[in-house]
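Residue strings, one per chain:
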Amino acid sequence: MPTPLEIKGQLASEGFAAGPIWLAQDRLVPSYERKDTWQAEAQALADCVATASGQTAELVENAQGDAADILEFQLAMLEDDTFVEAATELIEAGLGADMAWREVLDDEIAGYEASDDEYFRARAADLRDVKDRVLVALTGAAVEIIPKGSIYLADDIAPSLFLSHDWSGGGLALRDGSVTGHVAMLARQRGIPTLVGLGDFVCPENVSALLHGGLQTLIVSPSEQIRQQFDLARMEFDAARLRAQNFSDRPAVTDDGTAISVMVNIADPAEVENIPIQHVDGVGLMRTEFLFGHASGLPGEEIQYLAYKKVLDWSRGKPVTIRTVDAGGDKPIRGFTEDEMNPFLGMRGIRLTLKNPDIFRLQIRALLRAGVHGQLKVMLPMVAVPEELDETIKQFEVEASALAQEGVAYQMPKIGIMVEIPSVAILPNRFSKASFLSIGSNDLTQYVLAASRDNGKLADLAKADDPAVLALIANVAHYGAKHGVDVSLCGDAGSDVSIIPKLLQAGVTTLSVAASRIGLVKSTIADIDLGSDRKSRLFDEAHADFSHKLGVLHSDNKK
Ligand code: PEP
Ligand code: MG
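Conventions and cut-offs
Residues numbered from 1 in each chain as written. Chains lettered and ligands numbered in written order. Predicted model: local features only at pLDDT ≥ 70, side-chain atom pairs only at ≥ 80, totals over all residues. Heavy atoms only, no water. Donors = N, O, S within 2.8 Å, 3.2 Å for Na, K, Ca; no water. Helix = DSSP H or I, 4+ residues; strand = E, 2+ residues; numbered from the N terminus. Phe/Tyr/Trp six-rings, centres within 6.5 Å; stacked < 30°, edge-to-face > 60°. Buried < 20%, exposed > 50% of the residue type's maximum accessible area, 1.4 Å probe, protein only. Lys NZ or Arg CZ within 6 Å of the ring centre and 35° of its normal. Pairing = 2+ DSSP bridges. Axes fitted to C-alpha atoms, helices over the stretch in contact; angles between N-to-C directions. Contact = heavy atoms within 4.5 Å. Domains from an automatic or database assignment. Near = heavy atom within 4 Å. Polar contact = N/O pair within 3.5 Å; in protein donor to acceptor, adjacent residues only side chain to side chain. Areas by Shrake-Rupley, 256 points an atom, 1.4 Å probe, with all protein chains shown as cover. Nonpolar A, V, L, I, M, F, W, Y, C, P; charged D, E, K, R; others polar. Lys, Arg positive; Asp, Glu negative; His and termini not counted. Salt bridge = Lys/Arg side-chain N within 4 Å of Asp/Glu carboxyl O.

1. Notes on the coordination of the magnesium ion (ligand 2)
Surrounding the magnesium ion (ligand 2) are the protein donor atoms Glu 420 (OE) and Asp 443 (OD), at 2.0 to 2.1 Å. Placement of Glu 420 in the loop between strand E14 (414–419) and helix H14 (422–426) and of Asp 443 in helix H15 (residues 441–449) is noted, with a sequence separation of 23 residues between them.

2. A closer look at the packing of aromatic side chains
In this structure the tally under the stated criterion is six aromatic pairs. Pairing Phe 16 with Phe 237 gives two aromatic rings, centres 5.3 Å apart and planes at 55°, and the pair type is tilted. You can see Phe 16 sitting in strand E3 (residues 16–23) and its partner Phe 237 sitting in helix H8 (residues 224–247), a full 221 residues away along the chain. Each member of the pair, Phe 16 as well as Phe 237, is classed as buried. Ring centres 6.5 Å apart and planes at 80° place the aromatic pair Phe 83 and Trp 101 in the edge-to-face group. Of this pair, Phe 83 sits in helix H3 (residues 81–92) while Trp 101 sits in helix H4 (residues 97–113); the two residues are 18 residues apart in sequence, bridging distant segments of the chain. Accessibility assignment for this pair places Phe 83 and Trp 101 in one class, buried. Put simply, the rings of Phe 16, Phe 230 and Phe 237 touch in pairs and so form one group of aromatic residues. Between Arg 250 and the ring centre of Phe 247, over which it is positioned, the NZ or CZ distance is 4.4 Å. It is Lys 377 that lies over the ring of Phe 436; its NZ or CZ is 4.6 Å from the centre.

3. Some words on the sheet that holds strand E1 (residues 5–8)
Spatially, E1-E8-E7-E3-E4-E5-E6-E2 is the arrangement adopted by the eight strands of the open sheet, whose pairing is mixed. Two strands in the sheet have a free side with no partner beyond their single neighbour: E1 and strand E2 (10–13). The sheet shows a mean angle of 30° between the axes of neighbouring strands, taken without regard to direction. As defined by bridge partners, E3 adjoins strand E7 (residues 208–212) across five bridges and the pair is classed as antiparallel. If you follow Phe 16 over to E7, its bridge partner there is His 212. Those strands touched by helix H7 (residues 182–190) are E2, strand E5 (171–174) and strand E6 (194–196), and its axis lies near 60° from that of E2. Relative to E3, H8 is tilted by about 125°, and along the sheet it contacts E1, E3, E7 and strand E8 (217–220).

4. Here we look at the domain arrangement of the protein chain
When cut into domains, the protein chain gives domain 1 (5–21 + 144–241), domain 2 (38–139) and domain 3 (248–558). One C-alpha centre belongs to domain 1, the other to domain 3; they are set 33 Å apart.

5. As for the site of ligand 1
Around ligand 1 there are 14 residues in total, and Arg 287, Arg 323, Lys 331, Asn 442 and Arg 453 lie nearest to it. Here an oxygen atom of ligand 1 and a backbone polar atom of Ser 441 are 3.1 Å apart. Taken by itself ligand 1 offers 290 Å² of open surface, and the protein chains cover 99% of this. Examining the composition of the shell around ligand 1, we find that three residues originate from one element, H15, more than from any other. Residue composition of the shell around ligand 1, grouped by class: three nonpolar, four polar and seven charged.

6. What to know about unusual backbone geometry
In this structure, Arg 316 takes a positive phi of about 45° despite not being glycine. Along the polypeptide, Arg 316 turns up in the loop between helix H10 (301–314) and strand E12 (319–323).

7. Some points on the side chain of Arg 133
Note on placement: Arg 133 falls in helix H5 (residues 118–139). At 4.1 Å, Asp 129 is the nearest oppositely charged side chain to Arg 133, a buried residue that forms no salt bridge. Beyond its immediate stretch of four places on either side in the chain, Arg 133 contacts Ala 52, Gln 55, Thr 56, Leu 59 and Ser 160.

8. Observations concerning the pattern of salt bridges
Across all of its chains, the model carries 23 salt bridges by this definition. The partner of Lys 131 in a salt bridge is Asp 106, with the nearest N and O atoms 2.8 Å apart. With Lys 131 in helix H5 and Asp 106 in helix H4, this pair connects stretches of sequence that are 25 residues apart. Two residues, Asp 155 and Arg 175, come together in a salt bridge whose shortest N-O distance is 3.7 Å. One end of the pair, Asp 155, is in the loop between strand E4 (151–154) and helix H6 (159–164); the other, Arg 175, is in the loop between E5 and H7, and 20 residues separate them in sequence. Assessed through its relative accessible area of 46%, Asp 155 is described here as partly exposed. Each of the salt bridges in this network shares a partner with another, and the network as a whole consists of Glu 289, Arg 323, Asp 326, Arg 348, Asp 443 and Arg 453.

Shown next as structure tokens:
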């Protein structure tokens, strides 16, 4: 009996899988046959790039949401002549088509990999995918067929290979990879158990293994005892998932009868096609960065208008909160964001849009026009001071009168702000012009604890249930309850079953969560007993503390 091997990684997508290990194959057999002339080499490359484009276009047609976004980026890269032209120059200088393509793409990939930015590093995987597709076409190498139900062990995996395989019953164990990478995001959306960052270790092919999402561990050659514990944990996980499914279409109510609104976070408008409207109380956050991140450039007014209208049409009169573009920080956008030493504390969110009135203007017009199709609320990201809200409201008024003069139908939406910078969470009363507040626990946590949200090594520090973060959340909830201002929470903490009870105790009554978590969030809420007095100790303490310390400022501001 081989000794069990347990390797701890990071959880990119929860779940459990048991099956044989499938070691990633070296897909590319170097069997390229040189042609007689450089012109024939160049033609072979052009043909294979066209073949790869056709295959990618086919995948795009069947993809949705983020998957489509990733594949569209790859397609744009394949259709951009720059790489082929550079490779043709090398071919003319004497290289074979395969070597020339490799050299050009490797150069580009190295540039992306060297980026300080997680977003661009993630794009390097897409370029590797693009490179491999063309090489597969050139060499005639077979694309890897992964047996169903196995645990795929690799350094990383190309998004297109991930998307073309049926992972049901299996899982992914990646030595590298990152929880914020594309494959991790796709795995979460599809519910495929995935561990990343497992590091280097020796593992034979076909040996039986367990991927234990709860322990974030890959167990190779498990003992009978470990297998039994695994089965038990998996049964509990499956039962919780099943129970959650039964809650999806029910209103969210705590055990003591307190109604909680559960809304959904979306990015791509196409996502709503898979969300029954009766499962949610509306959209609490539509991130619009998705529309701005395309390789084809920044979106015009019409594209944005149609995207917003699609979601409003789907919402059947329930509120839809669309956030103005939150570029910068962890979401750089080519041609829009700036290169900075410290992008998280730099020109991002509302600061960036106010600085780029020509870009912002198109989004404001699209939002004003879309407003006639439902209950639109517009939310501003990364607001730090009231002047940013004042200035934006002014811009909306200017564009509204321009539309009126043009005779174009529009509706002024409610305008509210994200609470994700401590300055707002500490003194929300300064932002009395905001129609609503939505707590962005992801950024709020990183700013309160000075711990970057995209650094896995700081995961134990950057916790949204840190008492200091919870006290600020309670302060905002208290402000909203006292002044009749809607407060919701749309950061990832709202989807975290271990944090939800603390959020509710802090006074939060509206959560906006990932679509895949709706049932689980509602079933978690059903188990919470807030007691006869919803104001928990935490809620009272936070309020008393802030009111006392900041009383002077509060009253000054009311004058
Ligand atoms: C947040 O910061 O919590 C949030 C919801 O915004 P994003 O994650 O898009 O920065
Ligand atoms: Mg944020």
